[in-house]
Amino acid sequence: MVCVRQSMGKYIKLLNKIVDKKSIKILCVIVGIILCIGIIEPLVAWLYKIFGDYAGHFSHHKLDKIIVVVILYELLQSILQIVSTLKDHWLLKISYKLSENVFEHIHQKVKKLKIEEFENETVFNLLERIDTKLGDETVIAITTLFEVVANIISISIYSIMLGQMKVYFPFVVIVSAIPGIYLGSKKNKCKFNTAKEFFTEERKKEYFLNVVFGRENVKDVKLLELEKFFYEKAKSLNNLLTNKYLKINKKYGYYEIVTNVLKYIVFGWCMYETFWMVYNQSIGLGSILLLVNVFQLLTQELENLTNIIKEIMNVTWLIDEWEGFLQLPEKIWGNKLLENYSISFENVTYKYPASLNYALKNISVKIRDGEKIAIVGENGSGKSTFINILLGLYTVSDGKIRIGNVDINEISKESMKKIVCVFQNYIKYQTSIEENITLGEKKINFHNPFIKALELNELLNSFEKGEKTKLGQLEENGTEISGGQWQKLAISRGVNRESKILILDEPTASLDPLIENKLYENIAELCKDKTLLLISHRMSACRVCDRILTFSNGQIVENGSFDELIERKGKFYEMYMAQKECY
Ligand SMILES: Nc1ncnc2c1ncn2[C@@H]1O[C@H](COP(=O)(O)OP(=O)(O)OP(=O)(O)O)[C@@H](O)[C@H]1O
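This text gives an overview of the structure that appears in the document. (Residues numbered from 1 in each chain as written. Predicted model: local features only at pLDDT ≥ 70, side-chain atom pairs only at ≥ 80, totals over all residues. Heavy atoms only, no water.)

A closer look at the site of the ligand
- Residues in contact with the ligand amount to 14 residues; listed here are only the nearest, Glu-119, Gly-380, Lys-383, Ser-384 and Thr-385.
- One of the backbone nitrogen or oxygen atoms of Gly-380 is found 2.8 Å away from an oxygen atom of the ligand.
- Ser-384 places a side-chain nitrogen or oxygen 2.7 Å from an oxygen atom of the ligand.
- Expressed as a share of its isolated accessible area of 630 Å², the protein-covered part of the ligand is 65%.
- Classifying every residue of the shell around the ligand gives two nonpolar, nine polar and three charged. (Near = heavy atom within 4 Å. Polar contact = N/O pair within 3.5 Å; in protein donor to acceptor, adjacent residues only side chain to side chain. Areas by Shrake-Rupley, 256 points an atom, 1.4 Å probe, with all protein chains shown as cover. Nonpolar A, V, L, I, M, F, W, Y, C, P; charged D, E, K, R; others polar.)

Laid out in structure tokens, this is it:
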């Protein structure tokens, strides 16, 4: 009882969050319809009994009454049909509305979540489960919740009907259904827990299937004949999951057979009693029809009740997860606006939440506002981590970071937005070229010197629909573009936004040498009003920067101009010479 009260409490809390004024109106209409159905259904069964009684003692002068009963029966059936159709329509409407509200809540929370939370697998699973299930489950549970009322009305009316034959009939029928209801809820909980426990396996299975069937992987998969390799992986995970669910079904299947047998023994007994009453003429023939009908309907209503309880419990368990999700730490922004964008790292040390090793160790560096800095180093030396921290994506606990002399944790979101980064693994958005660059913000600035240097205009002119050209394979008439062209769009996206610090992580890896050269030669002019941080594995490109920071094993091991580092003959010189020898 306490458990049910708690479930209802949580449930109402969730409803409070997601039900708005418009949904309340729709819900009222649905409740009205459901109540109508709850009353009409037993009436139909009652008319069926009256018809049976008249048919049992047929005489011509009862014909008009029989006709009235048949007409009423038909009338109620058609009304039932109409209100059922209306119910489906309104249910669909409320489903869309509530799903929208749930997703809005999820979206708002995800927006505020700290990025570190996405590193944790449990949180990631939780997010995905809530995202994909909570909307649907809540809607089902809300609508079924109102059906409880209709159910109880129907069950009460059917019980009164049965009780008129023998007082204990409704009692034994309901009691015989209780073990089934109990087992149903246990089986459901077991399935839910299994789904939760094996969520990672389910996700892996989907991933492997996507590798085999995904359009974006087709070249690799076909060329290397990877179908069998990945399909086998998906198959073995699928077998594991199927076996788990089969085991649950098998276990509860035996119990279900026993409870069903019990139910039909009770029905047999009621039938036997009814036959005797008809035989003794204490009740009419219609009562047999009523018993068959009502037993069927009553057990059906009780089963519905089980399903409703199941849905409510499903949501209750999801609500627990939802509450856990709402408790996840949010990124807290400061309120200070920046006047300049000089950067200072003092003894900054950082370790990713999921890692045992430090990605950055005791980093101290100062960068003046407007300086052009190249960041170099071996793979895994900490360059991207340095950038991620500067962008405020990850929070450091050891050391101090200041931008414009303000602690990074106190800077407003508005000011932090002026630090723009074009990541090495940029996203290829499956939208139009224009949207790829603007992402819903201001228009493409074709006067931007960077965009001019990238020859974006020439690229757009090569397509019939220019910037409106749809990219990717989501749409039938989507256009596929080359790797270098995608990179041009990614850089344009970054430089089209107003920035004070521009970070380019391996920006020219896919660009042709002519464009690349044009960018590097003019970099000082292109970024004249801002700080530039350029991560590059092309040592010669670093020549255009004021200073070079060489990262090694999470530390800055060199800090100086191109000429100074060449002269020093250290790590940078070693990497530079290694590349030079290839030419
Ligand atoms: N999300 C993460 N979780 C755990 N460890 C990470 C994560 N990202 C990076 N690392 C680790 O942190 C260290 C620094 O990685 P980082 O990405 O900063 O290197 P990088 O210098 O940018 O390398 P590359 O030149 O290959 O891009 C590496 O040892 C890497 O394995």
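Some points on the packing of aromatic side chains
- This model, assessed by the stated rule, comprises 17 aromatic pairs.
- Ring geometry for Tyr-252 against Tyr-255: centres 6.1 Å apart, planes inclined by 70°, an arrangement best described as edge-to-face. Of this pair, Tyr-252 and Tyr-255 are both found in helix α8 (residues 227-279), three residues apart, which corresponds to roughly one turn of the helix.
- Residue classification places Tyr-252 among the buried positions, given a relative accessible area of 4%.
- A relative accessible area of 41% means that Tyr-255 is categorised as partly exposed.
- The interplanar angle of 15° and the centroid separation of 6.3 Å between the aromatic rings of Phe-572 and Tyr-576 together place this pair among those described as stacked. Residue Phe-572 and its partner Tyr-576 are both found in helix α19 (residues 571-580); the two are separated by four residues, about one turn of the helix. Taken individually, Phe-572 and Tyr-576 each receive the classification buried, so the pair is uniform in this respect.
- Directly above the ring of Trp-46 sits Lys-49, whose terminal nitrogen or CZ lies 5.1 Å from the centroid.
- Sitting above the plane of the Tyr-573 ring, Lys-569 keeps its charged end 5.0 Å from the centroid. (Phe/Tyr/Trp six-rings, centres within 6.5 Å; stacked < 30°, edge-to-face > 60°. Helix = DSSP H or I, 4+ residues; strand = E, 2+ residues; numbered from the N terminus. Buried < 20%, exposed > 50% of the residue type's maximum accessible area, 1.4 Å probe, protein only. Lys NZ or Arg CZ within 6 Å of the ring centre and 35° of its normal.)

Here's the deal with unusual backbone geometry
- In this structure, Glu-225 takes a positive phi of about 50° despite not being glycine.
- With respect to the helices and strands, Glu-225 occurs in the loop between α7 (218-223) and α8.
- Positioned with a positive phi, Asn-553 is a non-glycine residue whose angle comes to about 50°.
- Under the relative-accessibility criterion, Asn-553 is labelled exposed at 53%.

Some points on the environment of Tyr-520
- As for its position among the elements, Tyr-520 is in helix α16 (residues 513-521).
- Through-space distance from the C-alpha of Tyr-520 to that of Asn-304 is 70 Å; in sequence the pair is 216 residues apart.
- Ignoring anything within four residues of it in the chain, the contact list for Tyr-520 reads Pro-507, Thr-508, Leu-534, Ser-536, Ala-541 and Val-544. (Contact = heavy atoms within 4.5 Å.)

Considerations on the sheet that holds strand β10 (residues 555-560)
- Ordered by their spatial adjacency, six strands build an open sheet running β6-β7-β8-β3-β9-β10, and the pairing between neighbours is mixed. The open sheet has two free edges, formed respectively by β6 (419-422) and β10, since each of these has just one partner strand. Ignoring strand direction, the axes of neighbouring strands in this sheet form an average angle of 20°.
- Where strand β7 (residues 501-505) meets strand β8 (residues 531-535), five bridges bridge the pair, whose relative direction is parallel. Its bridge partner being in β8, Ile-501 is matched across the sheet by Thr-531. (Pairing = 2+ DSSP bridges. Axes fitted to C-alpha atoms, helices over the stretch in contact; angles between N-to-C directions.)

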